[in-house]
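Okay, here's what each chain looks like letter by letter:
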Amino acid sequence: MFFTILRIELFKIFKRPRTYISFGAIAVIVILVQLALKVNGKDFIELYTDSQSDTFEIPYNKILNGYFVCVAVLHMILIHVPLLVALIAGDMISGEANLGTLRLLGSKPITRTELVLAKFSASTIYVILLLVWMAVLALFGSILLFGQGDLVVFKEMDWHQMNSYDVLWRFFAAFIFASLALTTIAAMAMMFSAFSENSLGPIVATVCVVIVFTIVQQLKVPLFEHTINPWSFTTHMLGWKGFFYVEKAADGTTIDGSIERPMALVRSGLILLGYIGLFMSITVWHFRKKDILN
Amino acid sequence: MNEIIRVNNLTKEFKEVKAVDNLSFSVREGEVYGFLGQNGAGKSTTIRMLLTLIKPTDGTIEIFGMNLQQHRKEILKQIGAIIERPDLYNYLTALENIQLFAKLSGIKIPFTHLKEQLAKVGLADRMHSKVKTYSQGMKQRLGLACALIHDPKLLILDEPTNGLDPQGIAEMRNMIIRLSKEQGKTLVVSSHLLSEMEIVADSMLIINKGKKVVEGNVKELLNPEYSIVELEADTETALNFIRNSEWNKYLKSVANHIIRLEFNKDKIPDFNKELVAHDISVESIRRIHSLEDYFLTQTKD
């Protein structure tokens, strides 16, 4: 029965026009960033390399390839995608309550746990499809527009350079990690959705929580750095960047296939999984005992 | 006839409010069971407990001879329901909606049967239109088609005529009668339109403030030979007379200067004569003759 409900939930998601707003928004943003970098790519790179440009010659044209543009796109838009995820996941239960269809679902021979888990799985599939769409546009679109080459990533004062043959798996891993991060947002939005009777509340609540924790994280004050930030999901959501930071050999050359801090990535992944487990447990626990009044 | 539903001492409390208070009733197979009460009487709460949407604070519900909490899935497979409004997915077509609910019923239903069901409720021409373009009556018919798609033994309709025009109400009434008489289905129907209940229900339960007021066969409750008589008179004198006469055994209640008695309608002239003979000034003697009067009488504070 779980898979029947899952198919129904996916059918409902993809029959609603609002679902395609997210796909449309991502397409517009990616294309705009690609267009901007096509025209002003050199200026963009100079933002990061300004201090070094006097010391040695920067190969702007080589740096500005499809892989570099894709990382830039991910940096710019992954922070905003949670809003798009909240738009769908935050509506999964409360939207049904608002529409009046939750009581129809609740009176069918399916368990409430099955229903919540199917809805969560449908939200996860939506997140993955959103990221696949982003990957197709950002990665393959940028490769088509800018070509391939070695990838250079700027991290504060460091440059991380990867050979072109050592890049694709990193994108693949980064997209998987981003899926995990966005699934955490979906789980949180679902949790708020189970407590609410209208669609807007859970969406706004999810966005507010993400904004608050992002601000706390960016304040970088010791009070938060040692207490909230190590455990905040917004900190670990950015873990995907870790796949583009590499280890260097003694002579300063990049070690192929390496990741600078692999254990930090594992820790981030586990913390995000923990959050998903926590949010979903609360959702199932609350929804199972909830009186469906609307 | 077998009992399809047996409810024992059902109670539901919402914080400080007791929405349903120690309610017990039973519904027999094949009958239309009217569930009557004013707004806020506890009808919808009870119906939602029958459908597992609300968890009872106390009491037990048995449907088809099985405990509802322990055999939820098995029982719900055999129930169809419309709860207040037929809220459906407005962004889907009628065919998509019925398809969806057919899948959720847990029973395999051929695709052709879905179309037939829509045709039965007069939606064959509009089955590919989105539900948001439907009138309230069409939505109600689609809701009924969805509720019936898995051929349930028991149909629970909570206020099924809400928001319908007179034609829609008549259609719904005929549909209820047909389902009961022609297809042998058991129906639990709640409504505040008592005249409708009078026509369709075989048995009924009247509740007020979550408590059972009366339960019984509609014909018996409305037996014209056995009437409720309301007397408006000098209450003290009239009561004194009644309590010291043979009429005392018919006395039911006294409220707001109205004395209520239950006896055969043929006795009314004699009763009136005796009141006059005892110098009791009678303002009015009224016989309550419709279910609506009965309902209002029973649920009045």
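Residues numbered from 1 in each chain as written. Chains lettered and ligands numbered in written order. Predicted model: local features only at pLDDT ≥ 70, side-chain atom pairs only at ≥ 80, totals over all residues.

A few points about the interface of chain A and chain B
Next up, step 1: Opposite the 19 residues of chain A that make contact, chain B presents 21 residues.
Next up, step 2: When contributions to the side of chain A that touches chain B are tallied by element, the ones reaching two or more residues are α1 (2-15) and α7 (102-106) of chain A.
Next up, step 3: Per-element accounting of the side of chain A that touches chain B gives the leading share, 4 residues, to α1(A).
Next up, step 4: Per-class residue counts for the side of chain A that touches chain B are 7 nonpolar, 5 polar and 7 charged. (Contact = placed C-beta atoms within 7 Å. Helix = DSSP H or I, 4+ residues; strand = E, 2+ residues; numbered from the N terminus. Nonpolar A, V, L, I, M, F, W, Y, C, P; charged D, E, K, R; others polar.)

Here's the deal with the sheet that holds strand β1 (residues 3-14) of chain B
Residues and elements named next belong to chain B.
Next up, step 1: As summarised here, the arrangement of the 4 strands in space is β2-β1-β4-β5, forming an open sheet in which the pairing is antiparallel. Among the strands making up the open sheet, the edge pair consists of β2 (17-28) and β5 (66-67).
Next up, step 2: Alignment of strand β4 (residues 58-63) against β5, held across 2 bridges, turns out to be antiparallel. Looking across to β5, one finds that Glu62 is bridged to Asn67.
Next up, step 3: The strands touched by helix α1 (residues 43-50) within the sheet are β1, β2 and β4, with β1 carrying the most contacts at an inclination of about 120°. (Pairing = 2+ DSSP bridges. Axes fitted to C-alpha atoms, helices over the stretch in contact; angles between N-to-C directions.)

A word on the domain arrangement of chain B
Next up, step 1: Along its sequence, chain B is carved into domain 1 (3-219) and domain 2 (226-299).
Next up, step 2: The C-alpha-based centres of domain 1 of chain B and domain 2 of chain B are spaced at 38 Å. (Domains from an automatic or database assignment.)

As for the sheet that holds strand β6 (residues 79-83) of chain B
Residues and elements named next belong to chain B.
Next up, step 1: Across the sheet, which stays open at both edges, the 6 strands sit in the order β6-β7-β8-β3-β9-β10 with mixed pairing between neighbours. Among the strands making up the open sheet, the edge pair consists of β6 and β10 (211-217). Ignoring which end each strand starts from, the neighbouring axes of this sheet average 10° apart.
Next up, step 2: The pairing of strand β7 (residues 154-158) with strand β8 (residues 186-191) spans 5 bridges and is classified as parallel. Following the sheet pairing, Leu157 is matched in β8 by Val189.
Next up, step 3: Where α1 meets the sheet, it contacts β3 (32-36), β6, β7, β8 and β9 (203-208), and its direction lies at approximately 150° from that of β7.

Considering helix α3 (residues 94-104) of chain B
Next up, step 1: α3(B) sits mainly inside the fold: 8 of its 11 residues count as buried.
Next up, step 2: Residues of α3(B) that are buried sit in contact with α1 of chain A together with α4 (111-120) and α5 (136-148) of chain B.
Next up, step 3: One or two steps after α3(B), the chain reaches Gly106(B), where phi turns positive at roughly 80°. (Buried ≥ 20, exposed ≤ 12 C-beta atoms within 10 Å, placed from the backbone.)

A closer look at the nonpolar core
Next up, step 1: In terms of nonpolar packing, the biggest core is built from 149 residues, with Val85(A), Ala187(A), Met190(A), Ala145(B) and Ile156(B) touching the most fellow members.
Next up, step 2: Setting aside residues up to four positions removed in sequence, Ile156(B) forms contacts with Ile47(B), Leu50(B), Leu51(B), Ile79(B), Ala81(B) and Val188(B).
Next up, step 3: In terms of nonpolar packing, the next biggest core, distinct from the first, is built from 10 residues, Ala233(B), Ile242(B), Trp247(B) and Leu275(B) among them. (Core = buried A, V, L, I, M, F, W, Y, C linked by C-beta atoms within 7 Å.)

Thoughts on unusual backbone geometry
Next up, step 1: For Lys220(A), which is not a glycine, the phi torsion comes out positive at approximately 50°.
Next up, step 2: Relative to the helices and strands, Lys220(A) resides in the loop between α10 (200-219) and α11 (222-225).
Next up, step 3: Even without being glycine, Phe64(B) reaches a positive phi, approximately 55°.
Next up, step 4: Mapped onto the secondary structure, Phe64(B) falls in the loop between β4 and β5.
Next up, step 5: The class for Phe64(B) is partly exposed, based on 19 C-beta atoms found within 10 Å.

Section: the confidence of the model for chain B
Next up, step 1: Per-residue confidence for chain B gives a mean pLDDT of 85; residues scoring 70 or more make up 94%.
Next up, step 2: Prediction confidence for the complex, expressed as pTM and ipTM, is 0.82 and 0.79 respectively. (pLDDT = per-residue confidence, 0-100.)

A few points about helix α2 (residues 17-49) of chain A
Next up, step 1: Asn40(A) marks the point of greatest bend in α2(A), at about 90°.
Next up, step 2: Against the buried residues of α2(A) lie α3 (60-63), α4 (66-77), α5 (81-89) and α8 (112-146) of chain A. (Bend = angle between axes of the 7 residues up to and from the residue.)

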